[in-house]
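Report on the structure
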Amino acid sequence: MTTPSTQVMPPSKSAAAPDLPAPLAELPMASQAAVPFVEIETLRVKEFIPAAKEALTSLIAEQGQSKLIRPVFNWAGRNSLFPLHWGLACCAIEFAAGFGARWDAERFGVVPRSSPRQCDLMIVNGTVTWKVAHKLITLYEQMPEPKWVIAMGNCATGGGPFRTAYSVVPGVDKLVPVDVYIAGCPPRPEAMLDGILRLEQLIRERKE
Amino acid sequence: MSEMWINMGPQHPMTHGLWNLRVRIDGELILDADPEMGYLHRGIEKISEDRHYNEVITLMDRTCYVAGLAWEHLYVLASEKALHITPPERAEYIRMTCDELQRIGSHIMWYAAFVQDIGLMSPFLYGMRDRDLILDLFQSFTGARLTYEYMRVGGVRNDLPPTFTDQARKILDWLTDRFHEYDQLCMGSAIFRKRCDNLGVLKANDCIAHGITGPMLRSAGVKRDLRKDRPYSRYGSVDFDVAVADGADVTARYLVRMEEMRQSVRILRQTVDWLEKHPGPVMADHLPRWLGAPYAPVGREGYLLKRNYAKGVGFSSVEEPHGEAQAYVVNEGGEHPYRVKFRSPVFANLSAVRQYLVGYRVADIPPILGSVDVCVGEVDR
Amino acid sequence: MQPDDLVKALAPKLGPNLLAVEPFDGMAGRVRFKREGALDLFRAVRDDLTFTHLSMVGGIDWVDHREVFYVAWSDSARQYVLLSTDVPATDAHVETASSVWPSANWHERETWELVDITFDHHPDLRHLLTPDGYVFHPLLRSFKLHEPEELEVKSRHV
């Protein structure tokens, strides 16, 4: 007859085996020297952190720029394009109408700013003459990076109805790099908004 | 000691156009002003020498882009005198309707920009919304919002649609209430009065000496309006008053333009009634055959064509929203005009800027320049 | 006011410098004068004939000579008058009207830079619409514009 106080113990694999719970007993570690459970866990974590750090660093270096940071910058940039408050000719009237109550451009985050230092978009809306070319390039250079240029209207695209004139630059892309061309003489405010949205699509696909 | 020349432009939110206002200032006080124009000089007069008479009309829209139809009317009147053509009466009434609608549209645009510079933000939105109604009306019969190319030498391009009368009357009724609201927003505002009273004063003899016309001259008390003094088109048969104010300051110019808008509504009611009752042709029937084909390419020396048409010189002047504009067209018997010369009212208004800007402060420049109603396209041509 | 009234008022002041006064549609008349009598004519037109408002000064290039024309308005007579003079192309100068009508100032600047007519004793004859230092006078007949196709070839080298 067994006495009730007698505990049934599982058979130990070795006399020097520690008091490990059953799943851990099958591990190869079980045959090693006696190490308390807590220390084993700490050891595993201590090995894990450097491995994890190395993995994360390489991940960010290769892909974090393109998968994490660049999309955030693109999202912020395309939803807050600040054009320069500048009107050259007739297209400027449609540009102003685009900021009226009917075609509200500000709902796209587009807010005209008076100083080029605070802008990232220059909408060239009108005929560019050789007399203003120097000032236009100066304004473009005063804008901080990243910056974009929209050529609005036929005059900014290629000289428009005044292409043969002696004082007209045949297209603003002879002076500054242009990202989006909007055709029209003048383009309707909806066309201007379409051009701004195409620029936003371009910015969405920006890689660097 | 602290005097310096400051460049306000060509990029400046308050100067409303591509020009450079150079002011010599001592702190806040303006000592001298020297405007620098020509940043929008597109050589329109030179290009016109290569274009058919009807092709020059496309350039007229772009000369003054807020009042395109008025400049088309100006050029077409001068060309008809040079080519000895008379348009039919219905075309004259349509042209008058276009002129007056353009006057209201231009003054609303002026109002929206002017009060925004002073600091009132909502009238810009109200004004642009109402101006869009007028542009919808233009779109219904010309097909465009800004560059219409609607008038031709000898008449207009096409007749009005049947919806025109109702749409026009609805818009005129709506605008009459809106003008009252615009007045309440501005004249009832103490800030507006403080910023605009006794500013930019230019008395009557200075105005006349410097060639100033239009609302700036009428704000100095001179009752001069080309539509009454030398009626062109059919202005002799419509009934209206000339808006005149005393004071010659910014507030007076504001009052003159608001009253002009109301008088334009009055003229428009009469012309719309006439157009409803009198159908007819809108193009002259005695046009020469070469004038009926606007796109015949004739090359650069087109004015030396071998056909012998009657020569002539035509001079016309219209009361454009900014003032009195003039055109001088020389016809040497070809399909292209030999010379077209335009006189822009804002050209004269800006040439006198030294008179009405010196002695005031830099913070007064936006209201004063706003009251001049600058449109640089017609200054630089 | 009729052309005869103009002749009556101007002939004593100008003498042989007044060449002709022709009728002109919509105006009091077209006064053709020789450039030597310019200042006398301007004073007479402004003071005796009450044309106080000079609204336009322009130039036309007829290849062998050039023409300067002035348009003035009278408030009391409610009429325009056209004054025109011919200057030879080799020696194109005429007295300025800005001492009589200050509004002529900018118009004469523009006429000089576009049609190459010098205005003697003008207070400030410099470029207005064309850039400073632009040496051409574009509205002369000898100044040719490019065709649109030519521009594309040229601008590839920009």
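Just so you know, these numbers come straight off a predicted model, no measurement behind them.

With that settled, the discussion passes to the overall build of chain A. Of the regular secondary structure elements, chain A holds six helices and three strands. Secondary structure elements of chain A, listed N to C terminal, follow the sequence α-α-α-β-α-β-α-β-α. The buried share of chain A, taken over its 208 residues, is 36%. Long-range contacts, defined here as pairs at least 24 residues apart, represent 77% of the contacts in chain A between residues at least 6 apart.

Across its full length, chain B carries 15 helices and eight strands. For 381 residues, the compact-globule estimate of 2.2 N^0.38 gives 21 Å, and chain B sits close to it at 21 Å. Oriented by its inertia axes, the alpha-carbon framework of chain B measures out at about 65 × 45 × 35 Å. Looking at the 381 residues of chain B, the share that counts as buried comes to 59%.

Contacts between the two partners involve 25 residues from chain C and, on the opposite side, 27 residues from chain B. Where the side of chain C that touches chain B is concerned, the elements lending two or more residues are β3 (53–62) and α3 (104–115) of chain C. The element best represented in the side of chain C that touches chain B is β3 of chain C, accounting for six residues. Counted by class, the side of chain C that touches chain B contains 14 nonpolar, eight polar and three charged residues.

Turning our attention to the environment of D40 of chain C. All names here are of chain C. Within the fold, D40 resides in helix α2 (residues 38–47). A count of 17 C-beta atoms within 10 Å places D40 in the partly exposed class. What D40 contacts, discounting residues up to four positions off in sequence, is K13 and L14.

To continue, consider the environment of R224 of chain B. If you trace the backbone, R224 of chain B turns up in the loop between α9 (215–218) and α10 (226–229). Sequence-wise, R224 of chain B and I212 of chain B are 12 residues apart; in three dimensions their C-alpha atoms are separated by 11 Å. Each residue touching R224 of chain B, except ones within four places of it in the same chain, is listed here: L217, R218 and D229 of chain B together with D75 of chain C.

This part takes up the interface of chain B and chain A. Counting residues at the interface gives 25 residues for chain B, matched by 29 residues for chain A. For the side of chain B that touches chain A, the secondary-structure elements that each account for two or more residues are α1 (44–48), α2 (56–63) and α5 (122–141) of chain B. Counting residues per element, the side of chain B that touches chain A draws most heavily on α5 of chain B, which supplies four residues. Its residues assigned to classes, the side of chain B that touches chain A shows 12 nonpolar, seven polar and six charged.

On to the pairing of strand β4 (residues 65–74) of chain C. Residue and element names in this part refer to chain C. The buried fraction of β4 is high, at seven of 10 residues. As judged from the nine bridges shared by β3 and β4, these two strands associate in the antiparallel manner. Across the sheet, V57 pairs through a bridge with Y70, a residue of β4. Joining the antiparallel neighbours β3 and β4 is a turn of two residues. Note: β4 against strand β5 (residues 79–88), 10 bridges, orientation antiparallel. Each residue of the ladder has a partner; that of R66, found in β5, is V87.

Residue and element names in this part refer to chain B. At a minimum axis separation of 11 Å, α5 and helix α6 (residues 164–187) run at an interaxial angle of 165°. With respect to α6, the axis of α5 lies roughly antiparallel. You can see that α5 and α6 cross each other, and the crossing is left-handed. Seen from α5, the contacting residues are P123, D130, L133, I134, L137, S140 and F141; seen from α6, they are F164, Q167, A168, I171, W174, L175, R178, Y182 and L185. The class makeup of the residues in the contact of α5 with α6 is 12 nonpolar, two polar and two charged.

Below, the discussion takes up helix α14 (residues 365–372) of chain B. In an α-helix, one turn spans 3.6 residues; hence positions three or four apart end up facing the same way. Residue and element names in this part refer to chain B. Most of α14 sits out of view: eight of its eight residues are buried. Along α14, the residues that are buried comprise I365, P366, P367, I368, L369, G370, S371 and V372. Where α14 is buried, its residues touch α4 (89–118), α7 (190–196), α9, α11 (250–277), α12 (345–351) and α13 (353–357). Following α14 by one or two positions, D373 adopts a phi angle in the positive range, close to 60°.

Core analysis: the largest hydrophobic core is formed by 168 residues, its most contacted members being V124, I150 and M152 of chain A. Among the elements that line this core, the one with the most residues is α4 of chain B, at 15 residues. For V124 of chain A, the residues in contact, after removing those within four places along its chain, are L88, V149, A151, M152, A156 and V172 of chain A. Among the nonpolar cores identified, the runner-up in size contains 39 residues, and F42, L82, V94 and A104 of chain C belong to it.

Caution is warranted with low-pLDDT regions, since their predicted coordinates should not be read in detail. Residues and elements named next belong to chain A. For chain A, per-residue confidence averages 82 on the pLDDT scale, and residues scoring 70 or more make up 78% of the total. No element of chain A has a lower mean pLDDT than helix α1 (residues 22–25), which averages 60, and none a higher one than strand β2 (residues 148–152), which averages 95. Note that residues 1–7 has pLDDT below 50 and, in this model, zero contacts with residues that lie over four places away or in other chains. Throughout residues 11–17 the model reports pLDDT below 50, and contacts reaching past four residues in sequence, or to other chains, amount to four contacts.

On to helix α4 (residues 130–142) of chain A, then. All names here are of chain A. With 13 residues, α4 should cover 18 Å at 1.5 Å per step; its first-to-last C-alpha distance of 19 Å lies within 8% of that length. Among the residues of α4, those classed as buried are K131, V132, L136 and L139. All buried residues of α4 fall inside an arc of 100° around its axis, so they share one side. Residues of α4 that are exposed and angled more than 90 degrees away from the buried face: H134, I137, T138 and E141.

For the rest of this paragraph, the subject is the sheet that holds strand β6 (residues 312–320) of chain B. Residue and element names in this part refer to chain B. Overall, antiparallel pairing links the three strands, which are arranged β6-β7-β8 in an open sheet. Every other strand in the sheet has two partners, leaving β6 and β8 (339–343) as the edge strands with one partner each. On average, adjacent strands in this sheet sit at an angle of 10° to one another, irrespective of strand direction. Looking at chain direction, strand β7 (residues 323–331) and β8 are connected through five bridges and run antiparallel. By the bridge assignment for β8, A327 is matched with F342. Along the sheet, helix α3 (residues 68–83) contacts β6 and β7; its crossing angle with β6, the most-contacted strand, is approximately 155°.

So, how was this worked out
Residues numbered from 1 in each chain as written. Chains lettered and ligands numbered in written order. Predicted model: local features only at pLDDT ≥ 70, side-chain atom pairs only at ≥ 80, totals over all residues. Helix = DSSP H or I, 4+ residues; strand = E, 2+ residues; numbered from the N terminus. Buried ≥ 20, exposed ≤ 12 C-beta atoms within 10 Å, placed from the backbone. Contact = placed C-beta atoms within 7 Å. Rg over C-alpha atoms; globule rule 2.2 N^0.38 Å. Nonpolar A, V, L, I, M, F, W, Y, C, P; charged D, E, K, R; others polar. Pairing = 2+ DSSP bridges. Axes fitted to C-alpha atoms, helices over the stretch in contact; angles between N-to-C directions. Parallel < 35°, antiparallel > 145°, perpendicular 65-115°, else oblique. Left-handed = near helix turned anticlockwise from the far one by under 90°. Core = buried A, V, L, I, M, F, W, Y, C linked by C-beta atoms within 7 Å. pLDDT = per-residue confidence, 0-100. Expected span 1.5 Å × (residues − 1). Arc of directions from axis to C-beta.

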